[in-house]
Amino acid sequence: MTPTFAVVGHPNKGKSSIVATLAQNDSIHIAMQPGTTRNSHHYPMSVDGQVLYHLVDTPGFQRARKALAWLQAHSRSAADRRDTVQGFITQHQGLSQFHDECELLRPILQGAGIIYVVDGSVPYGPEYEAEMEILRWTGQPSMALINPIASDAHVQEWQTALGQFFRTVRVFNARTAEFDKHLSLLRCFGQLEESWEAPLNEAIDYLLQQHRQRRETTCQQISRMLADMLSHQQSIKLPDGVDTEPMKALLEQQWQAFQRQREQECRTHIEKLYQHHHLQRHESGLEWQQEDLFNTDQWYLWGLSKTELLAIATGAGAATGALADLGVGGASFMLGALGGGVVGGVSAWLFSAELARFKIKGKLPLGGQQLTYGPSSHRNFPFVILGRALYHWQALIRRNHAWREPLSLDIAPGDWHEQLSTSQKLDLEKAFGYCRKQNIDKAMPLLEQHILPLLQSLDLLER
Ligand SMILES: Nc1nc2c(ncn2[C@@H]2O[C@H](COP(=O)(O)OP(=O)(O)O)[C@@H](O)[C@H]2O)c(=O)[nH]1
Ligand SMILES: [Mg+2]
């Protein structure tokens with residue numbers, strides 16, 4: 001039988017949040033108001049169609065003391081307690097008085113392990129004891145989780161109290177716990193009952209494998225996006241003799257629209273890969289801070305300092321030493337240095353917004369002329385796209401499925417570019433060059449080869 005865990009406790013302690021996080025399901029209802037979950041729901045955690053374990057989200061206890069009083073009045077000895085709980089469910093089936101208690105106890109009597117959830121930011125109180133006592137009467141394997149919702153002010157106190165009712169007590173923050181914490185919690189679940197150990201260990205192996213696979217797919221997606229964006233040209237055919245000048249703004253706009261749309265497509269794809277299906281719903285409120293792909297003033301936000309942007313533009317770090325020696329700091333000084341011929345003409349438009357150039361081809365076979373914009377020849381543009389993609393991915397993999405707020409990109413992009421050696425930068429430059437020449441087959445393996453280690457370096461599990 002697939003191991004099943006019923007997540008139970010007081011209303012509004014993060015039960016649904018824990019289920020959402022551990023089942024990687026962002027469609028589970030998480031509410032501000034207590035008591036909105038009225039029935040128990042099973043959520044399977046599956047990888048490649050194989051169900052690894054079930055989590056049951058339950059309503060909270062509503063009348064624990066009264067329920068316990070009923071149980072005590074109907075039990076003769078410890079030997080009949082489980083049966084008494086069964087009798088309680090049968091007796092109150094379909095009645096409103098103990099509806100929530102019946103809902104949460106039923107999956108437990110059907111064999112689920114008990115995960116009792118409390119909030120470590122509020123003090124312990126004896127009113128929880130009736131709940132824990134009822135759970136004990138079921139005789140099912142159990143553990144307690146302290147979810148520090150607002151703070152960890154009372155965690156210590158809870159640990160002491162819970163320790164008297166549960167053999168295993170863990171602190172687990174449903175919203176911020178990182179992936180390795182999920183795995184260690186699952187390992188803990190596997191310890192509750194002998195027959196659960198093997199399936200839970202298998203589940204952990206599957207999840208680790210899935211984690212690596214997703215990272216590899218992300219790498220392919222980002223590489224493909226880079227190739228598409230860097231190779232993109234926008235063309236328009238015009239009759240002979242027509243002035244091409246008025247068409248340029250339109251063409252440039254179309255080119256930019258393609259770039260934005262392609263980047264969005266990649267993001268959505270990666271979000272779906274990580275089972276964040278409802279992120280889009282929040283898109284109206286989605287604020288990508290400082291985010292404008294074409295605002296070159298902001299490019300340094302995407303993981304490259306201006307010095308580095310310059311260094312890359314002048315040949316993959318070849319000029320870094322020279323510039324450092326010069327003590328180059330501000331952009332104006334740098335432009336001065338450029339004017340002085342230190343790094344040559346290639347960087348003359350380094351800080352300009354000119355991402356690509358126009359070409360006109362006359363005398364087309366069927367007559368007319370063709371105006372083309374792109375591919376981008378800007379040396380920094382690919383590094384900016386890459387930085388933004390890494391940034392988005394980093395924010396995404398740190399996001400548990402219990403979050404309902406819009407994805408915000410408030411994590412600094414970090415020093416990803418510092419991971420790159422000069423030869424890697426040169427290789428990436430080479431790949432970007434293939435893209436610009438629309439030689440995607442040659443570009444892809446090089447891109448994938450160098451982007452995967454970048455993803456690994458941002459993955460907390462690898463640290
Ligand atoms: N900051 C924070 N809020 C949480 C956490 N867990 C739950 N919440 C919030 O607490 C409320 C109740 O959470 P929910 O999972 O629906 O609790 P349930 O009633 O026990 O299922 C919701 O507003 C959640 O957003 C947490 O770990 N951190
Ligand atoms: Mg709930």
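Up top is the structure.
Being a predicted model, the structure only gives us computed values, none of them experimental. (Residues numbered from 1 in each chain as written. Chains lettered and ligands numbered in written order. Predicted model: local features only at pLDDT ≥ 70, side-chain atom pairs only at ≥ 80, totals over all residues. Heavy atoms only, no water.)

Caption draft 1: Seen up close, the overall build of the protein. Helix and strand content of the protein: 15 helices and nine strands. When burial is assessed residue by residue, the protein has 50% of its 463 residues classed as buried. (Helix = DSSP H or I, 4+ residues; strand = E, 2+ residues; numbered from the N terminus. Buried < 20%, exposed > 50% of the residue type's maximum accessible area, 1.4 Å probe, protein only.)

Caption draft 2: Broad picture of the environment of Gly-387. Tracing the sequence through the fold places Gly-387 in helix H13 (residues 381-397). Since its relative accessible area comes to 0%, Gly-387 is described here as buried. Taking C-alpha positions, Gly-387 is 8.3 Å from His-417, a pair spaced 30 residues apart along the chain.

Caption draft 3: Up close: the sheet that holds strand E4 (residues 113-119). Spatially, six strands are ordered E2-E3-E1-E4-E5-E6 in an open sheet, and the strand pairing comes out mixed. Only two strands of the sheet have a single neighbouring strand rather than two, namely strand E2 (41-47) and strand E6 (169-171). Strand-to-strand twist across the sheet, computed as the mean angle between neighbouring axes with direction ignored, equals 25 degrees. Two elements, E2 and strand E3 (residues 50-57), share seven bridges in a ladder whose sense is antiparallel. Each bridged residue has a counterpart across the sheet, and for His-41 the counterpart in E3 is Asp-57. Docked against the sheet, helix H7 (residues 179-190) engages strand E1 (4-9), E3, E4, strand E5 (142-147) and E6, running at close to 155 degrees with respect to E5. (Pairing = 2+ DSSP bridges. Axes fitted to C-alpha atoms, helices over the stretch in contact; angles between N-to-C directions. Contact = heavy atoms within 4.5 Å.)

Caption draft 4: Quick look at the packing of aromatic side chains. Scanning all chains against the criterion turns up twelve aromatic pairs. Ring centres of Tyr-128 and Trp-158 lie 4.8 Å apart, and the angle between their planes is 80 degrees; on these two criteria the pair is classed as edge-to-face. With Tyr-128 in helix H5 (residues 127-137) and Trp-158 in helix H6 (residues 155-162), this pair connects stretches of sequence that are 30 residues apart. Just as Tyr-128 is buried, Trp-158 falls in that class too. (Phe/Tyr/Trp six-rings, centres within 6.5 Å; stacked < 30°, edge-to-face > 60°.)

Caption draft 5: Structural detail: the site of ligand 1. Lining the immediate environment of ligand 1, one finds 14 residues, of which Asn-12, Lys-15, Ser-16, Ser-17 and Asn-173 sit closest. A distance of 2.9 Å separates an oxygen atom of ligand 1 from a polar atom in the backbone of Asn-12. Side-chain polar atom of Asn-173 to an oxygen atom of ligand 1: 2.7 Å apart, as the coordinates give it. Element by element, the count of residues in the shell around ligand 1 is highest for helix H1 (residues 15-22), at three residues. (Near = heavy atom within 4 Å. Polar contact = N/O pair within 3.5 Å; in protein donor to acceptor, adjacent residues only side chain to side chain.)

Caption draft 6: Summary view of empty space enclosed by the protein. Evaluation of the coordinates by the stated rule reveals five cavities of 30 Å³ or more. One number sums up the size of the largest cavity: a volume of about 300 Å³. Taken together, 22 residues make up the lining of the largest cavity; nearest its centre are Phe-179, His-182, His-211, Ile-397 and Asn-400. Taken together, the elements giving at least two residues each to the lining of the largest cavity come down to H7, helix H8 (194-231) and H13. The biggest single contributor to the lining of the largest cavity is H8, with four residues. Considered class by class, the residues forming the lining of the largest cavity number eight nonpolar, eight polar and six charged. (1 Å grid on protein atoms, 1.4 Å probe; cavity = no way out; pocket = protein on both sides within 12 Å on 5 of 7 lines; lining within 4 Å. Points joined across faces, edges and corners; volume = space filled by probe spheres on them. Nonpolar A, V, L, I, M, F, W, Y, C, P; charged D, E, K, R; others polar.)

Caption draft 7: Summary view of the sheet that holds strand E7 (residues 234-238). The three strands lie next to each other as E7-E9-E8, forming an open sheet whose pairing is antiparallel. With partners counted over all chains shown, the strands left at the sheet margins are E7 and strand E8 (358-361), one partner each. Going across the sheet, the axis of each strand differs from the next one's by a mean of 20 degrees, ignoring polarity. One ladder, built from five bridges, connects E7 with strand E9 (residues 369-373); its direction is antiparallel. Bridge pairing in E9 links Gln-234 to Tyr-373. Running over the sheet, helix H9 (residues 245-273) touches E7, E8 and E9 and is turned about 150 degrees from E7.

Caption draft 8: Focus on the side chain of Thr-4. Tracing the chain through its elements places Thr-4 in strand E1. Here Thr-2 takes part through its backbone oxygen, which lies 3.2 Å from a polar atom of the side chain of Thr-4.

Caption draft 9: Representation of the nonpolar core within the structure. Of all hydrophobic cores here, the largest spans 44 residues; its most connected members are Ile-222, Leu-226, Leu-386, Leu-447 and Ile-451. When residues no more than four places from it in sequence are discounted, the contact partners of Ile-451 are Cys-219, Ile-222, Ser-223, Leu-226 and Leu-386. (Core = buried A, V, L, I, M, F, W, Y, C linked by side-chain atoms within 4.5 Å.)

Caption draft 10: Looking closely at the pairing of E5. Of all six residues making up E5, five are buried, and the element is well covered by its neighbours. Taking the sense of rotation as the criterion, the β-α-β connection linking E4, H5 and E5 turns out right-handed. (Right-handed = clockwise from strand over helix to strand, strands pointing away.)

Caption draft 11: Broad picture of the packing of H8 against H13. Contact geometry for H8 and H13: axes closest at 11 Å, N-to-C directions at 150 degrees. Between H8 and H13, the angle is such that the two are roughly antiparallel. Handedness of the H8/H13 crossing: right-handed. Across from Arg-215, Thr-218, Ile-222, Met-225, Leu-226, Met-229 and Leu-230 in H8, the residues of H13 making contact are Phe-381, Pro-382, Ile-385, Leu-386, Ala-389 and Trp-393. For the contact of H8 with H13, a count of residues per class yields eleven nonpolar, one polar and one charged. (Parallel < 35°, antiparallel > 145°, perpendicular 65-115°, else oblique. Left-handed = near helix turned anticlockwise from the far one by under 90°.)

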